[in-house]
Amino acid sequence: MGTGDFICISMTGGAPWGFRLQGGKEHKQPLQVAKIRSQSKASGSGLCEGDEVVSINGNPCADLTYPEVIKLMESITDSLQMLIKRRLGAPFLFPEDLCHPPFLQHLPGDTNLLITTLASQLMGW
């Protein structure tokens, strides 16, 4: 998957979430966020265009086809939790709080360690 940071994104309230995905196993590409609607749940959560989706509500996405991902997303009724991987050095990253989830701005201590720990627990590492 390359170099990057793992970040947990949470949204509540049900669809529409306000983002579009692209890629999938059948395209031999990682599942990525293609578009985020302004003033949506996704834009308020810190999700960014270009983020790689590692898991959705604890379901790993690496071996899912795009139709399988759509089916999974349609089954989510209230709470969406995504483990995403954000590439280091990507030009769209970190423009002054735009892409930082609010909970990351207020965590004490080593945030990278916390994110890595959360990622390992979700992915079973």
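Residues numbered from 1 in each chain as written. Predicted model: local features only at pLDDT ≥ 70, side-chain atom pairs only at ≥ 80, totals over all residues. Heavy atoms only, no water.

### Here we look at the confidence of the model for the protein
Here is step 1 of the chain: Across the protein, pLDDT averages 80, with 69% of residues at or above 70.
Here is step 2 of the chain: Overall, residues 91–114 carries pLDDT values under 50, and its contacts beyond four positions in sequence, including any with other chains, amount to 31 contacts. (pLDDT = per-residue confidence, 0-100. Contact = heavy atoms within 4.5 Å.)

### Points about the packing of aromatic side chains
Here is step 1 of the chain: Applying the stated criterion to the full structure yields zero aromatic pairs.
Here is step 2 of the chain: Directly above the ring of Trp 17 sits Lys 41, whose terminal nitrogen or CZ lies 5.3 Å from the centroid. (Phe/Tyr/Trp six-rings, centres within 6.5 Å; stacked < 30°, edge-to-face > 60°. Lys NZ or Arg CZ within 6 Å of the ring centre and 35° of its normal.)

### What about the pattern of salt bridges?
Here is step 1 of the chain: Throughout the structure, instances matching the rule amount to one salt bridge.
Here is step 2 of the chain: A salt bridge links Arg 86 to Asp 51; the shortest N-O distance between them is 2.8 Å. One end of the pair, Arg 86, is in strand β6 (residues 79–87); the other, Asp 51, is in the loop between α1 (41–45) and β4 (52–56), with 35 residues separating them in the sequence. Neither residue differs from the other here; Arg 86 and Asp 51 are each classed as buried. (Salt bridge = Lys/Arg side-chain N within 4 Å of Asp/Glu carboxyl O. Helix = DSSP H or I, 4+ residues; strand = E, 2+ residues; numbered from the N terminus. Buried < 20%, exposed > 50% of the residue type's maximum accessible area, 1.4 Å probe, protein only.)

### Digging into the pairing of strand β2 (residues 19–24)
Note on strand geometry: in a regular strand, side chains alternate between the two faces of the sheet.
Here is step 1 of the chain: The pairing of β2 with strand β3 (residues 29–36) spans five bridges and is antiparallel. Residue pairing in the sheet places Gly 24 in a bridge with Gln 29 of β3.
Here is step 2 of the chain: Here β2 folds back onto β3 in antiparallel fashion, the turn holding four residues, of which Lys 28 has a positive phi close to 55°. (Pairing = 2+ DSSP bridges.)

### What to know about unusual backbone geometry
Here is step 1 of the chain: The linkage connecting Ala 15 with the following residue, Pro 16, adopts the cis geometry, with an omega of 5°.
Here is step 2 of the chain: Mapped onto the elements, Pro 16 comes out in the loop between β1 (4–12) and β2.
Here is step 3 of the chain: Phi is positive for Lys 28, which is not a glycine, with a value near 55°.
Here is step 4 of the chain: With a phi angle near 50°, Asn 57 is a residue other than glycine that sits in the positive phi range.
Here is step 5 of the chain: Note that Asn 57 resides in the loop between β4 and β5 (59–60).

### Some remarks on the environment of Ile 36
Here is step 1 of the chain: Take Ile 36: it is sitting in strand β3.
Here is step 2 of the chain: Linking Ile 36 and Leu 47, residues eleven residues apart in sequence, is a C-alpha distance of 7.9 Å.
Here is step 3 of the chain: Setting aside anything within four residues of it in sequence, one finds Ile 36 in contact with Gly 18, Phe 19, Ala 42, Ser 43, Leu 47, Cys 48 and Glu 49.

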